[in-house]
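Listed here are the chains, written in short residue letters.
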Amino acid sequence: MKRNLFLLTLFAVMSFTSACKRLPIDPIDPIDSTGNTSHRLTGTSWELQGITMNGAAMQKPVNELFTLKFTANNHIEGTAACNGYGGDFKADAKNISFSNIISTMAYCGEQSLDQVYMRAMNSVKTYTHTDNSLTLVTDWGATLYFYPEKHVENPHSDGIVKFAPLHRVDFLIDPFQISNIKVLDETHIAVTVQYSGGCAEHSFALYADENIMPGNATDFVNMVITHSAHGDMCDAWLTKELVFDVAPLLDRWKAAPHSNDRLALQFSQSNIGTIHFTK
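Since this is a predicted model, take the numbers as computed values, not measurements.

**Considering the overall build of the protein**
Right, on to step 1. Counting its secondary structure elements, the protein contains 4 helices and 18 strands.
Right, on to step 2. Counting across all 279 residues of the protein, residues that qualify as buried make up 41%.
Right, on to step 3. Carbon and sulfur atoms form 54% of the exposed surface of the protein, whose accessible area is close to 15,800 Å².

**Some points on the packing of aromatic side chains**
Right, on to step 1. Applying the stated rule across the entire model yields 8 aromatic pairs.
Right, on to step 2. With a centroid separation of 4.8 Å and an interplanar angle of 75 degrees, the aromatic rings of phenylalanine 70 and phenylalanine 89 are classed as edge-to-face. Of the two residues, phenylalanine 70 sits in strand β3 (residues 67–71) while phenylalanine 89 sits in strand β5 (residues 83–91), which places them 19 residues apart along the sequence. Like phenylalanine 70, the residue phenylalanine 89 is buried in the burial classification.
Right, on to step 3. When the centroid spacing of 4.8 Å and the interplanar angle of 45 degrees are considered together, the rings of phenylalanine 171 and tyrosine 207 count as tilted. Highlighted residues: phenylalanine 171 in the loop between β11 (162–164) and β12 (177–183) and tyrosine 207 in strand β14 (residues 203–209), separated in sequence by 36 residues.

**Details of the sheet that holds strand β17 (residues 262–267)**
Right, on to step 1. Taken in spatial order, the 5 strands of this open sheet run β11-β14-β15-β17-β18, and their pairing is mixed. Each edge of the sheet is formed by a strand with only one pairing partner; in this case those strands are β11 and β18 (274–278). If you compare each strand with its neighbour and ignore which way they point, the axes differ by 35 degrees on average.
Right, on to step 2. On top of the sheet, helix α4 (residues 247–255) reaches β11, β14, β15 (219–228), β17 and β18; it is set at about 135 degrees to β17, its chief contact.

**What to know about the pairing of strand β6 (residues 96–103)**
Right, on to step 1. Note that β5 and β6 share 6 bridges and pair antiparallel. For tyrosine 85, the partnering residue across the bridge sits in β6 and is serine 103.
Right, on to step 2. Adjacent in sequence and paired antiparallel, β5 and β6 are bridged by 4 residues.

**Some details on the pattern of salt bridges**
Right, on to step 1. Per the stated rule, a full pass over the model turns up 2 salt bridges.
Right, on to step 2. The shortest N-O distance in the salt bridge between glutamate 241 and lysine 182 comes to 3.7 Å. With glutamate 241 in strand β16 (residues 236–245) and lysine 182 in strand β12, the pair connects residues that are 59 residues apart, well separated along the chain.
Right, on to step 3. The partly exposed category is assigned to glutamate 241, whose relative accessible area is 41%.
Right, on to step 4. Lysine 240 serves as the salt-bridge partner of glutamate 201, at 3.0 Å between the closest nitrogen and oxygen.

**Considerations on the nonpolar core**
Right, on to step 1. Core analysis: the biggest nonpolar cluster contains 29 residues, and Ile189, Leu206, Met223, Ile225, Leu265 and Phe267 have the highest contact counts within it.
Right, on to step 2. Here isoleucine 225 is in contact with Ile173, Phe176, Ile178, Val191, Phe204, Ala205, Leu206, Phe244, Phe267 and Gln269, once residues within four sequence places are set aside.

**Observations regarding the pairing of strand β9 (residues 142–148)**
Regular strands place their side chains on alternate faces of the sheet.
Right, on to step 1. Counting buried residues in β9 gives 6 out of 7 residues, a clear majority hidden from the surface.
Right, on to step 2. In this structure, strand β1 (residues 45–53) lies alongside β9, joined through 7 bridges in antiparallel fashion. Across the sheet, glycine 50 pairs through a bridge with tyrosine 145, a residue of β9.
Right, on to step 3. Relative to β9, strand β8 (residues 134–138) runs antiparallel, the two being bridged by 4 bridges. Paired with leucine 136 across the two strands is leucine 144, which belongs to β9.

**Describing the side chain of glutamate 64**
Right, on to step 1. Secondary-structure assignment places glutamate 64 in the loop between β2 (56–58) and β3.
Right, on to step 2. Side chain to side chain, glutamate 64 and serine 112 meet in a polar contact 2.5 Å long.
Right, on to step 3. From its side chain, glutamate 64 meets the backbone nitrogen of leucine 113 in a polar contact 3.3 Å long.
Right, on to step 4. In this structure, glutamate 64 is in contact with Ala81, Cys108, Ser112 and Leu113, ignoring residues within four places of it in sequence.

**Focus on the side chain of lysine 240**
Right, on to step 1. Structurally, the position occupied by lysine 240 is in strand β16.
Right, on to step 2. A polar side-chain atom of lysine 240 sits 3.0 Å from a polar atom in the side chain of glutamate 201.
Right, on to step 3. Apart from the residues lying within four places of it in its own chain, the contact partners of lysine 240 are Gln49, Lys150, Val191, Thr192, Val193, Tyr195, Glu201 and His202.

Rules of the game
- Residues numbered from 1 in each chain as written.
- Predicted model: local features only at pLDDT ≥ 70, side-chain atom pairs only at ≥ 80, totals over all residues.
- Heavy atoms only, no water.
- Helix = DSSP H or I, 4+ residues; strand = E, 2+ residues; numbered from the N terminus.
- Buried < 20%, exposed > 50% of the residue type's maximum accessible area, 1.4 Å probe, protein only.
- Areas by Shrake-Rupley, 256 points an atom, 1.4 Å probe, with all protein chains shown as cover.
- Phe/Tyr/Trp six-rings, centres within 6.5 Å; stacked < 30°, edge-to-face > 60°.
- Pairing = 2+ DSSP bridges.
- Axes fitted to C-alpha atoms, helices over the stretch in contact; angles between N-to-C directions.
- Contact = heavy atoms within 4.5 Å.
- Salt bridge = Lys/Arg side-chain N within 4 Å of Asp/Glu carboxyl O.
- Core = buried A, V, L, I, M, F, W, Y, C linked by side-chain atoms within 4.5 Å.
- Polar contact = N/O pair within 3.5 Å; in protein donor to acceptor, adjacent residues only side chain to side chain.

Structure follows, in structure tokens:
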């Protein structure tokens, strides 16, 4: 009888232990039976928004693009400023590593972050991942902040211009800088902005004054870009190009009686100041 009782107790303990082993290690980020969560990253594409070094933001040149794509069979590929690269990756719920990275060796300029980026990619140890962000952390103090890569279709718009009486509106605008403004095509402008963050998606909007002012040869209108950080207190220095649709503004200008053949969009928030459209 005692032997039977011992066997029953041993069987119960073994059954409980076996059941516990089948539980996910991390319910928030479950892993498969091999301990690999790479399937959650496979098929995702990311664009670098900023790098910090021991908590201090590094300045990323405006025109530099850094991307990271997780492809099938645990491979990666991407761009690092003027170079392309590829390699392999391995990940579990919290740790990630890249290996066998091969990159082209073009010189991207003295101010480029391509070498810092590639050094970081070769020494990444941990990561956090959501649908809207990917953060990679190295073992020597560098942190890389990514947002999902935008696939632009000719052209993508971050918003349509809005109208407001700018002389009467007191916008609440979180700090940011405008580093470049350009005309993209007949109805769109591109604005490159820089700001601190890295832990939340930021919102930008474009406003035109409701009054288009006539001039001797050029009409003009005052413009404002608003920025909401949504409480993001992270300190990575990020660069982003925004594309705005200004067609409603151009339509209003062209329909105005006695308007000139040239319109100046004036941005008091930037030293770049003014860009022009013509009829």
